Structure formats: C-alpha cells, structure tokens
Amino acid sequence: MSTAQLWPDDDVSRVPYRVYSDPDIHVREQERIFRGPTWNFLCLEAEIPNPGDYRTSVIGDAPIVVVRGRDGGINALVNRCAHKGALVCYKPRGTVSEFTCVYHNWTYDLDGSLTGVAFRRGVRGEGGMEAGFEPGAHGLQRLRAESRNGLVFATFSDEAPDLETYIGPAILAALDRVFVKPVRVLGYHSQLLPNNWKLYAENTKDSYHATLLHVFHNTFGIVRFTMGGGIRLSENGWHHLSFTERAADGSERGGAEAVRSLKEQYALEDPSLMEHRLELGDRITNSIQTIFPTLVVQQILNALAVRQLVPRGPEACELKWTVLGFEDDDESFEALRLKVNNLVGPAGYVSMEDGCIGGFIDAATRSAPEGRSFMRMGGTAIEPAGASRVTEAAVRGFWRAWRDCMAL
Amino acid sequence: MTGTGDALAARIARLNTAYAHAIDDDRLEDWPGFFTDDGLYRIVTRENHEAGLPLAIVHCDGAAMMRDRVRAMRTANIFEPHTYCHTVGAAEIVGKDGGVHTARTNFIVVRTMHSGAMSVFACGRYLDRIVERDGALKFAERVAVCDSRTVDTLLVVPL
C-alpha cells in the first residue's frame, strides 16, 4: 500500500479509518512496529525473581519467553523451537533448569542456545541428524532485552537505540517517580476488546475524553477542575505523560467547575475507596504514562498498574493489566489498594467505558474506510500542555510514531 | 435456627435462586439486601485466586459499597445495554463455623446484548459464607471465582 493511497498528506490529526481494520496494515505493523525499532514491554522483573523463573509474553503476534538466567540477567527469547516451530513453553509461567520442546525433545539453555537434539546420533548407527549439523546455529532467537524500574522490555531490532534513549528523559523521570521501591504483584486482569489495538492506544493518550466519557467523578461530585497537572511528551512525541495534582492548600474542593450539568448529584455512601495516601513524594493524584507502542503505566490515587496492549488480529485486542503494590505495604495499605482498584480494571468506575468505546468506533467506521477522524483539539501541534489537558497532542504523537515506523 | 440437612439446603437453594433472579430481572437495587451490612462481595479470577493473589475485579466491602456500585451503574457508567441469565447449581454445604455456613455453588452466566448476540460471559463458583439475620439467610461473604482469566469488553452488572 502506498502512502498516497492510504494517507495522502502529513496530517496526523486526521487518521484514515482504514487503519483500524485493514488486514494488510496489521501484517505491516507486525514487521515494521513490533519487529521494528521499538522497545516492547514484556513483564516485571518481580515476576521472575530467581534463576530459571520464566513467564511467557508477546511482542505483537510473536510469542516470547522471558527467563532469569543463571547469572541473574534477563533473557528474552522467541518462544519457537528451531526444529519445527512449536512453542517451547506452553505454560504461562514456571521455573526450569533448561527448556525442552515437548514435540521432539530438543533442549535449550536459559540463554536460548541449543543443548540437545534427541537421537542426534541415531539409534544403533541408524538415522540421526545429518552430518555437519551445527547446534550453535539453531538456538532460540534471542532478543535485545533491557530493564528499567523493574520493567522488562525487548526489541527485535538492531537499529533501536538503547532503552533509556528510546524512552527519553521526560518519561524516564515519570517512571522513576512511580517506581520508588520494589513492587509486588497484587494480581492480573485481562479484557478482550472488540476493536483494533490502536483505538485503545489512542484512548490512553487522550486526556480530552477523561471527564467527558467517564462521568463517575462528576456524578459523585469528585471532579476538581482547579487541580494542576499537564501533558509531557518525549522529544519525538512517541511517548507521553498526563498527570493531575492537588493544590497544596486544599482549595481544590471549593473551586469545582462543572463541564456537564447532571440532573442528579449523588454522594458516595462509602467514599473510602477515594482515600489517597500520598506515597510518591508529591501531590499528584493521577499519572498515566505511555511508551510506544503498547505500554501504559498507571497511578490513579493508590492504584498502581502496568497495562500491556496485545493485538489479536486487526479487529480485536487484549488488554493485560498487572496490578501492583509495593513490597513493604502493610495490611491496611494493601486493603486500601484493593478498594481503590474498584476505579480501574474491567469493572473500573473510571475505566470500564474504555473497554467499550473502541467497539463503538469500530462499529461506525468499518463502513467508511475512506473517512478520517478530526483530532484538532490544540490544533495540529505535538507539544506539551498545561493543566486543562484539553488537547489531543499526545494522540497526534502516537500517530507520528506509527507513521515513522510504518513509512506510510 | 438455620436448620440442618435438607431444610438448610432448601433454604440456601432459595437464597441462591432469589439472588440470581434479582440480578437477571434487573432488580439490582435489591442486590445489596442479600448481604449483611458488613458483607463482602468480590469477583475474582481463578488465576488470581489459585495463585493466592488478592486482586479483585469488583471488591465491595460492605453493603454501602454495593449500593454505590448500583448507583454508579445506573447514573454514571456507560456501556452497551445487556442482560444476564444465571444458571446456578446445587449448593454444596461445606461446613459450619459458629453461626456461619460455608457453601460452594457453581454458576453460569449467559449475557445477551442489545444486538441479540449471546455468549457465556462467566462461569465458575460462588464461595459463600452465609449467616442468619432476623430470620433470613444473608451472605456475610460471596466470592464469585470466574474460571476465565479474561473479561469480554467490560463487567458492570454483578455476577
């Protein structure tokens, strides 16, 4: 597909609807984004603390296994046997001393190198692997892997810069802010969304919709529009941070300004889930950071999570949440986190709409592949913004990244 | 008295049926009334449950939080209209600890969308702690353990 056909101009504020359903684009994304010069989140170091601990993950459509090596380092291997291409790890997590493909018992070391081929010498002089077979040329494909703040990333690409350069200082600082000490996994959520992965990716960068689609705060009188905050972008616009913070003097409570007047206003009968214990050294209540293509790191009050977005063909995606606390949480802090997590996840008061809104777009745009969106809040610029966050700059940044990779 | 043997089993069966029908008939305002005031309601995945991970999809600690759930669903949350049809199995009464009966009951929930599309939205087991309050059985705790680790689109109506 040529640029002229799909996207005749350089305008990333107007996205052709075809990109949300075209199977050819999905195939090209696998090659140019997921197997291209991007760093993809795989799992947390905390999930594989000891040598031999592994868990499976994906980069786009590609199955990956992440394993802690004997030296304590992290190996990211393509989960595909060099013999016939079967999954080597078919269980999602475990602890092993080596990997063995169940089909013909080919074995691999934790770094992916081939260590054994069953009946390589044949049986009683008959059969066996061809002469000149070189095990060193038949390991599991090993990817560049790096970790930062306990988050493990990998890339298929030799051209991608190192991970820190890829993320850039603005978003690295946001990660440092959240991951102040060792984390503990409180559990996992997963949602299957009836839409292309990019619709969810856009949504996470779209601060404009937050108080308009999600009216929970507003309905229960919790929205505070005088709060501070802003949008920050990596230099190339690929990654973003959106945050809100409470005013230091508590004046936010008096200054609420309604953007949607509701006929009825309710108070929460039990507001304890909105309790926020400041724990990250500032007064930031919400902080969402995204790393292109598919990672979201979330702090909503004391609800901490990473979300990995996984394409499931052009027409669906899976959103995988890993919900976190800190290792040193006491019982009462853990109880608070479990309560505040009612705000997020598949049944989250302020996130459930994100599960269905992509499907609403999918249902309406499928019949109009030549149509285009109009995302001009804040014009066409891809630049940081202030407290109102009424801008689509970060969404345009996503499309800048997508076009950079796709060369479309 | 909560009764014993068959009489208790019949009462728990009636409780389970009334609970399921209140949800299926969209009488969600009645739903918190199946619990004690300080009752606990959680929806969890089997994956988290078996790994001993405490995270819940829905975590209501007390009937007030349950009423907030219903109010949010009625007034704030946005979702495609749909209905549930619960089928609940026979309760297995696992034990008794003081005045608390523990029971386990399997469930299947078929979700029907506005479009007519139907799917098995959830199946699994209720793990219950049931007590007597003013002559009626109430859930002191109901944990819906879902077999699937994933939720199709979103969850808004309780299971």
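Residues numbered from 1 in each chain as written. Chains lettered and ligands numbered in written order. Predicted model: local features only at pLDDT ≥ 70, side-chain atom pairs only at ≥ 80, totals over all residues. Heavy atoms only, no water.

1. Describing the pattern of salt bridges
Side-chain pairs of opposite charge can arise whenever the charged atoms involved come near each other. Across all of its chains, the model carries 36 salt bridges over all chains by this definition. Notably, a salt bridge pairs Arg68 of chain A with Glu45 of chain A, separated by 3.1 Å at the nearest N-O pair. Separated by 23 residues along the polypeptide, Arg68 of chain A in strand S3 (residues 62-68) and Glu45 of chain A in the loop between strand S1 (40-44) and strand S2 (53-59) bring together distant segments of the chain. Residue Arg68 of chain A is classed as buried on the basis of its relative accessible area, which comes to 9%. The partner of Arg71 of chain B in a salt bridge is Asp68 of chain B, and the shortest N-O contact between them spans 3.4 Å. Residue Arg71 of chain B and its partner Asp68 of chain B are both found in helix H3 (residues 63-75); the two are separated by three residues, about one turn of the helix. Take Asp68 of chain B: its relative accessible area is 2%, and that puts it in the buried class. Because the salt bridges share partners, they merge into one network encompassing Glu269 of chain A together with Arg67, Asp68 and Arg71 of chain B. (Salt bridge = Lys/Arg side-chain N within 4 Å of Asp/Glu carboxyl O. Helix = DSSP H or I, 4+ residues; strand = E, 2+ residues; numbered from the N terminus. Buried < 20%, exposed > 50% of the residue type's maximum accessible area, 1.4 Å probe, protein only.)

2. Observations concerning unusual backbone geometry
The amide bond that connects Phe292 of chain A to the next residue, Pro293 of chain A, takes the cis arrangement and shows omega of 5°. Inspection of the secondary structure puts Pro293 of chain A in the loop between strand S14 (284-291) and strand S15 (295-300). Even without glycine at this site, Asp26 of chain B takes up a positive phi of about 60°. Note on placement: Asp26 of chain B falls in the loop between helix H1 (5-24) and strand S1 (35-45). A relative accessible area of 44% places Asp26 of chain B in the partly exposed class. Even without glycine at this site, Thr153 of chain B takes up a positive phi of about 70°. Tracing the chain through its elements places Thr153 of chain B in the segment after strand S8 (151-152).

3. Quick look at the domain arrangement of chain A
Residues and elements named next belong to chain A. Considered domain by domain, chain A is made up of domain 1 (46-147) and domain 2 (168-406). For domain 1 versus domain 2, the distance between C-alpha centres works out to 37 Å. Listed per partner, the contact involves eight residues of domain 1 and six residues of domain 2. When domain 1 packs against domain 2, the two sides together hide about 550 Å² of surface, and 48% of this comes from carbon and sulfur. Ranking the residues of domain 1 by area buried against domain 2 places Ala46, Glu47 and Val58 at the top, with a combined share of 52%. Applying the counting criterion to the domain 1 and domain 2 interface returns zero salt bridges. Where domain 1 touches domain 2, the interface holds three residue pairs in polar contact (both at pLDDT 80 or more). Top element by residues in the side of domain 1 that touches domain 2 is S2. It accounts for three residues. Here the residues of the side of domain 1 that touches domain 2 sort into two nonpolar, two polar and four charged. (Domains from an automatic or database assignment. Contact = heavy atoms within 4.5 Å. Buried area = accessible area lost by both parts, 1.4 Å probe. Polar contact = N/O pair within 3.5 Å; in protein donor to acceptor, adjacent residues only side chain to side chain. Nonpolar A, V, L, I, M, F, W, Y, C, P; charged D, E, K, R; others polar.)

4. Thoughts on the sheet that holds strand S6 (residues 99-100) of chain A
Residue and element names in this part refer to chain A. Pairing in this open sheet of three strands is antiparallel, and the strands run S6-S7-S8 from one edge to the other. In this open sheet, the two edge strands, each paired with only one partner strand, are S6 and strand S8 (114-116). As judged from the two bridges shared by S6 and strand S7 (residues 107-108), these two strands associate in the antiparallel manner. Bridge pairing in S7 links Thr100 to Thr107. (Pairing = 2+ DSSP bridges.)

5. Quick word on the packing of helix H2 (residues 23-34) of chain A against helix H10 (residues 393-406) of chain A
Residues and elements named next belong to chain A. Look at H2 against H10: their axes get within 9 Å of each other, and the N-to-C directions meet at 85°. As far as their axial angle goes, H10 and H2 are roughly perpendicular. Residues Ile25, Arg28, Glu29, Arg32 and Ile33 of H2 form the contact with H10, whose own contacting residues are Trp402, Cys405 and Met406. Class assignment of the residues belonging to the contact of H2 with H10 gives a composition of five nonpolar, no polar and three charged. (Axes fitted to C-alpha atoms, helices over the stretch in contact; angles between N-to-C directions. Parallel < 35°, antiparallel > 145°, perpendicular 65-115°, else oblique.)

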